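# Inside the fold
Chain by chain, the residues:
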Amino acid sequence: MRLVGGLRRVARYIRIQASLGRLKREADLCLDRPAELVSRVFEYDRGNIKPLQVEEELAWLLARVRNLKPRTVLEIGTANGGTLFLWTRLADAEATIVSIDLPGGKFGGGYPSHWGTIYRRFARSTQKLHLLRENSHDPETKVKAERLFGGEPIDLLFIDGDHAYEGVKQDWEQYSALVRPGGMVVFHDIAGNYDDTQVKRLWDSIKPDYQHEEYAVDPNGSYGLGILFF
């Protein structure tokens with residue numbers, strides 16, 4: 001059974017590598033149609049790079065990111081790579097994109113290291129994409145991210161890593177200081193507090209201090225996206 005499972009994983013890896021160029025071409029044809037763009041990524045190769053967000057909520061967010069057209073993007077929480085792919089499509093053609101993910105992380109983290117070769121291929125030829133498989137809470141990780149951006153401030157910060165209150169609070173405090181005036185900070189899972197997911201608790205405490213928007217459609221009070229405009 002292990003051999004069969006291993007062969008399937010290898011076949012999936014080869015299949016994605018072979019078809020990724022087609023996905024990129026198809027995605028670039030619908031950049032002005034966020035719902036269609038998100039749908040293509042959700043459906044790609046049986047959902048193997050499917051984002052961990054709700055389709056409708058993510059399309060709402062992409063419409064705003066498209067207008068920003070960020071040149072510097074920092075993502076905390078790579079997971080399946082779905083949102084990372086979308087940032088490469090909507091960011092500037094010469095953008096620098098950094099994605100941080102903790103191997104074995106409790107909230108969807110820990111992609112196999114060899115998947116990094118696929119994720120790096122998401123980038124356009126003139127973009128710079130960096131993967132940090134490290135703990136976002138480690139101060140040294142922040143230092144590494146700053147170096148990768150060459151000291152430039154961040155246009156878009158997407159926080160979707162540790163969902164515990166102290167964890168998401170630390171990501172917010174550590175990385176929001178890097179965001180430029182006119183930039184955006186986006187939180188996922190702002191709709192409700194449950195179990196170890198306490199993003200809403202932080203979101204509700206900081207959003208009054210900023211111009212903000214939020215969108216949540218899940219009937220069970222989960223998921224949800226929130227944007228702070230700097």
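Located above this text is the structure these notes cover.
### Quick look at the sheet that holds strand 5 (residues 179-188)
- Strand order in the open sheet made by the 7 strands is 3-2-1-4-5-7-6, with mixed pairing throughout. Pairing within the sheet leaves two strands with one partner each, and these edge strands are strand 3 (128-132) and strand 6 (211-215). Across the sheet, the mean angle from the axis of one strand to that of its neighbour is 15°, orientation sign disregarded.
- Pairing of strand 1 (residues 72-76) with strand 4 (residues 154-159), which is carried by 4 bridges, proceeds in the parallel orientation. Bridge assignment links I76 to a residue of strand 4, and that residue is I159.
- Most of the contacts of helix 6 (residues 139-148) go to strand 3, to which it runs at about 170°, and overall it touches strand 2 (96-100) and strand 3.

### Quick word on the side chain of D160
- With respect to the helices, strands and loops of the structure, D160 is situated in the loop between strand 4 and helix 7 (165-175).
- An unpaired buried charge is present at D160: no salt bridge exists, and K50, the closest side chain of opposite charge, is 13 Å distant.
- Within polar-contact distance, the side chain of D160 engages the side chain of Q53 at 2.8 Å.
- Engagement of the side chain of D160 in a polar contact is seen with the side chain of H188, the distance being 3.2 Å.
- Not counting residues up to four positions away in its chain, the partners in contact with D160 are Q53, I76, G77, H188 and D189.

### Concerning the pattern of salt bridges
- Counted under the stated rule, the structure contains 18 salt bridges.
- R64 serves as the salt-bridge partner of E213, at 2.7 Å between the closest nitrogen and oxygen. With a gap of 149 residues between them, E213 in strand 6 and R64 in helix 3 (residues 55-68) connect regions that are remote in the sequence.
- Judged by its relative accessible area of 28%, E213 falls in the partly exposed class.
- For R64, a relative accessible area of 26% corresponds to the partly exposed category.
- For K207, the salt bridge identified is with D204, shortest N-O distance 3.4 Å.
- The class for K207 is buried, based on a relative accessible area of 17%.
- With relative accessibility at 31%, the residue D204 sits in the partly exposed group.
- When salt bridges with common partners are traced through the structure, they connect R22, E26, D32, R33, E36 and R40 into a single cluster.

### Notes on the packing of helix 2 (residues 34-43) against helix 3
- As a packed pair, helix 2 and helix 3 sit with axes 8 Å apart at the nearest point and diverge in direction by 130°. The orientation of helix 2 relative to helix 3 falls into the category oblique. When the axes of helix 2 and helix 3 are compared, the crossing they make is right-handed. In contact with P34, A35, L37, V38, S39 and F42 of helix 2, helix 3 contributes E55, L58, A59, L62 and A63.
- Within the contact of helix 2 with helix 3, the residues separate by chemical class into 9 nonpolar, 1 polar and 1 charged.

### Details of the packing of aromatic side chains
- Using the criterion set out here, one finds 11 aromatic pairs in the structure.
- Measuring from centroid to centroid gives 6.2 Å for W172 and F230, while their planes differ by 75°, and the two rings are edge-to-face. Residue W172 is found in helix 7, and its partner F230 is found in the segment after strand 7 (225-229); the two are separated by 58 residues along the sequence.
- Overall, the relative accessible area of 30% leaves F230 in the partly exposed class.
- Measuring from centroid to centroid gives 5.1 Å for Y210 and F230, while their planes differ by 20°, and the two rings are stacked. Residue Y210 is located in the loop between helix 8 (199-206) and strand 6, and its partner F230 is located in the segment after strand 7; the two are separated by 20 residues in the primary sequence.
- Just above the ring of Y111 sits the side chain of R133; from NZ or CZ to the centre is 5.2 Å.

What counts, and at which threshold
Residues numbered from 1 in each chain as written. Predicted model: local features only at pLDDT ≥ 70, side-chain atom pairs only at ≥ 80, totals over all residues. Heavy atoms only, no water. Pairing = 2+ DSSP bridges. Helix = DSSP H or I, 4+ residues; strand = E, 2+ residues; numbered from the N terminus. Axes fitted to C-alpha atoms, helices over the stretch in contact; angles between N-to-C directions. Contact = heavy atoms within 4.5 Å. Buried < 20%, exposed > 50% of the residue type's maximum accessible area, 1.4 Å probe, protein only. Lys, Arg positive; Asp, Glu negative; His and termini not counted. Salt bridge = Lys/Arg side-chain N within 4 Å of Asp/Glu carboxyl O. Polar contact = N/O pair within 3.5 Å; in protein donor to acceptor, adjacent residues only side chain to side chain. Parallel < 35°, antiparallel > 145°, perpendicular 65-115°, else oblique. Left-handed = near helix turned anticlockwise from the far one by under 90°. Nonpolar A, V, L, I, M, F, W, Y, C, P; charged D, E, K, R; others polar. Phe/Tyr/Trp six-rings, centres within 6.5 Å; stacked < 30°, edge-to-face > 60°. Lys NZ or Arg CZ within 6 Å of the ring centre and 35° of its normal.

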